[in-house]
Amino acid sequence: MNLNHMNAAVFERYGSPEVLVIKRVNRPTPKDNELLIQVVATTVNRTDCAILTAKPFIMRFVTGLFRPRKPIPGTDFAGRVEAVGKDVTSFRASDRVFGFDDSCLSSQAQYMTLAQDKALDVFPEQLTFEQAAACLEGAHYAYNIINKLNIKTGQKVLVN
């Protein structure tokens, strides 16, 4: 078994889920400010679907006009830090981390790299990897919408 390779979901053109294939690809190597993360859990959410299909069309301005710039999809994950670059100070190997980025993290793979200053954090021990990955997208959008409201003391907010 070659440790420099991994399995990943890959798409080379936009379309329905049938354009996805599982391939052996090179395992990423973390740069000085990055973490190598073993992905334990991820989801397929509405943002992933928009990236895969490039619909609405405006998605192409983020993901690539004619074909995907990042061939491995995935916007959220929960996993373990496998290794850190020499400039990483916020995390260490074996940390349980999770994160979300709606511009694509390439998390639908066995491993991914991510800069230490990106949208990731250590998650509580009482959560499973699956629970941590599943809670991210909804919380991200709810938080961003709530921050745009002028909520006053005593008012209540329902997040559905």
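Residues numbered from 1 in each chain as written. Predicted model: local features only at pLDDT ≥ 70, side-chain atom pairs only at ≥ 80, totals over all residues. Heavy atoms only, no water.

**Some points on helix α4 (residues 136–146)**
Here α4 has its buried residues at L136, E137 and A142. Of the surrounding secondary structure, the elements contacted by the buried residues of α4 are α1 (46–53), β4 (76–84), β5 (96–100) and α3 (129–134). (Buried < 20%, exposed > 50% of the residue type's maximum accessible area, 1.4 Å probe, protein only. Helix = DSSP H or I, 4+ residues; strand = E, 2+ residues; numbered from the N terminus. Contact = heavy atoms within 4.5 Å.)

**Focus on unusual backbone geometry**
The residue after K55, namely P56, is reached through a cis peptide bond having omega 5 degrees. You can see P56 is positioned in the loop between α1 and α2 (60–63). With a phi close to 85 degrees, S94 is a non-glycine residue in the positive phi region. Relative to the helices and strands, S94 resides in the loop between β4 and β5. The partly exposed category is assigned to S94, whose relative accessible area is 48%. One non-glycine residue, C104, lies in the positive phi region at around 100 degrees. Looking at the secondary structure, you find C104 in the loop between β5 and β6 (111–115).

**With respect to the side chain of E137**
Along the polypeptide, E137 turns up in helix α4. Of the buried charged residues, E137 lacks a salt bridge, with R46 as the closest side chain of opposite charge at 4.0 Å. Among the polar contacts made by the side chain of E137, one reaches the side chain of T47 at a distance of 2.5 Å. When near neighbours in sequence (up to four residues on either side) are disregarded, E137 contacts N45, R46, T47 and F100. (Lys, Arg positive; Asp, Glu negative; His and termini not counted. Salt bridge = Lys/Arg side-chain N within 4 Å of Asp/Glu carboxyl O. Polar contact = N/O pair within 3.5 Å; in protein donor to acceptor, adjacent residues only side chain to side chain.)

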